[in-house]
Amino acid sequence: MIGKDGVPPWVAINVSPRSMEHPRVVRRLVDAVKDGEVPKDRIKVELTEHSFLGALPGSEASLLSLMAAGVPVGIDDFGTGYSAMAYLQRYDLDFMKIDRSFVANVGQAERADAVVTAIVDLAHAHGMRVTAEGVETTRQARRLREIGCDYAQGFHFGRPGPPGRIVRS
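The written sequence of each chain sets the order in which its residues are numbered from 1. Since the coordinates come from a predicted model, pLDDT governs what is reported: local features require at least 70, and pairs of side-chain atoms require 80 or more to be given and counted, while whole-chain, interface and lining totals use all residues. To obtain the side-chain values, all non-hydrogen atoms of the structure were included, while hydrogens and water were left out.

Another aspect to go through is the sheet that holds strand β4 (residues 95-98). What the six strands build is an open sheet, ordered β1-β2-β3-β4-β5-β6; its pairing is parallel. Lying at the two open borders of the sheet, with one neighbouring strand each, are β1 (11-14) and β6 (151-152). Whether two strands pair comes down to DSSP finding at least two bridges between them. Runs of H or I in DSSP of at least four residues are treated as helices and runs of E of at least two as strands, each being numbered from the N terminus. As paired strands, β1 and strand β2 (residues 43-48) are joined by four bridges and run parallel to one another. Within the sheet, the bridge partner assigned to Val11 lies in β2 and is Ile43.

For a helix, the expected span equals 1.5 Å multiplied by the number of residues minus one. Between its first and last C-alpha, helix α6 (residues 110-125) extends 22 Å over 16 residues, near the 22 Å set by a 1.5 Å rise per residue. Each residue gets one of three labels from its accessible area relative to the maximum for its type: buried under 20%, exposed over 50%, partly exposed in between, using a 1.4 Å probe on protein chains only. Looking at α6, one finds that the buried residues are Ala112, Asp113, Val116, Ile119, Val120 and Ala123. Projected onto a plane normal to the axis of α6, the buried residues spread over an arc of 130° and lie on a single side. Seen from the open side of α6, the exposed residues pointing more than 90 degrees away from its buried face are Glu110, Arg111 and Ala125. This arc describes the spread of directions from the helix axis toward the C-beta atoms.

Regarding helix α7 (residues 138-147), the residues found buried are Gln140, Ala141, Leu144 and Ile147. Buried residues of α7 fall within an arc of 125° about the axis and therefore sit on the same side. In α7, the exposed positions that point more than 90 degrees away from the buried face belong to Arg145 and Glu146. Contacts are assigned to residue pairs that have any heavy atoms within 4.5 Å of one another. Looking at the buried positions of α7, the neighbouring elements they touch are α5 (100-103), α6 and β5 (129-132). Of the residues trailing α7, Gly148 is marked for its positive phi of about 110°.

Once that is clear, we can look at unusual backbone geometry. Phi angles above zero are rare outside glycine, and Asp77 is one such case at about 55°. Checked against the element boundaries, Asp77 lands in strand β3 (residues 73-78). A relative accessible area of 23% places Asp77 in the partly exposed class.

For any two helices packed against each other, the geometry comes down to the angle between their axes and how far apart the axes lie. Interaxial distance between α6 and α7 falls to 10 Å at its minimum, and their mutual angle equals 45°. Looking at the two axes, α6 sits oblique to α7. Relative to α7, α6 is oriented so that their crossing is right-handed. Counted together, Asp113, Val116, Thr117 and Val120 of α6 and Arg143, Leu144 and Ile147 of α7 form the full contact between these two elements. Axis definition: a line fitted to C-alpha atoms, limited for helices to the stretch in contact. Angles are taken between N-to-C directions and run from 0 to 180 degrees. Throughout this description, any angle smaller than 35 degrees is read as roughly parallel, any larger than 145 degrees as roughly antiparallel, any in the 65 to 115 degree range as roughly perpendicular, and the remainder as oblique. The hand of a helix crossing depends on one turn: near helix anticlockwise from the far one by less than a right angle means left-handed, and clockwise means right-handed.

Another point: the environment of Asn105. Structurally, the position occupied by Asn105 is in the loop between α5 and α6. Along the primary structure Asn105 and Gln140 are separated by 35 residues, whereas in three dimensions their C-alpha atoms are 7.7 Å apart. Ignoring sequence-local partners within four residues, the contact set of Asn105 consists of Ala112 and Asp113.

The next point concerns the nonpolar core. We call a set of buried residues a nonpolar core when its members are Ala, Val, Leu, Ile, Met, Phe, Trp, Tyr or Cys and they connect through side-chain atoms within 4.5 Å of each other. Formed by 36 residues in total, the largest nonpolar core has its most connected members in Val45, Leu66 and Leu144. The residues touching Leu144, leaving out its near neighbours within four places in the chain, are Val103, Val106, Val116, Ala132, Val135 and Cys149.

What follows is about the pattern of salt bridges. Each reported salt bridge corresponds to a side-chain nitrogen of Lys or Arg within 4 Å of a carboxyl oxygen of Asp or Glu. Scanning the entire structure with this criterion turns up seven salt bridges. The closest approach of N and O atoms between Glu60 and Arg90, which form a salt bridge, is 2.8 Å. Placement of the pair is Glu60 in helix α3 (residues 57-68) and Arg90 in helix α4 (residues 85-90), with a sequence separation of 30 residues. With relative accessibility at 51%, the residue Arg90 sits in the exposed group. Across the salt bridge formed by Arg143 and Asp113, the nearest N and O atoms sit 2.8 Å from each other. Remark: Asp113 occurs in helix α6 and Arg143 occurs in helix α7; sequence separation between them is 30 residues. Taken together, the salt bridges that share partners define one network made up of Glu46, Lys97 and Glu133.

The structure is reproduced here in structure tokens:
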């Protein structure tokens, strides 16, 4: 199965801060990529901003291990409480997901548009692709496209479904 943009779909794996501290968790994923069990272009690892705060040595080693294996790594729920901006310069991350709380009023409130535009511009300046979470209306989707957001997800595009709807390619 190929997406509309010609790219095969991927699976996003949310890795908790606690899991990042345990090298075995990340090592299993890295080994699966290196052994060819999991193509690195078919997965993405999502870390919350909390994963970067006060990162323990094990967490940083795990992050660097994922990056060295070529696994795309990015920030999930960007803007929810703690700032990961210092880490944007420290690590070469692949993507950023804008939290739904910022997306909710896009297309209907100038301030919301300004904040999301700033986040998209910030991510693009660091070479990251951007996904807006929680898109529920055509107005939001249209405005996010105008702003330059690369991807969007939410009920506007589809509701969760049973596992049988996933097509194996």
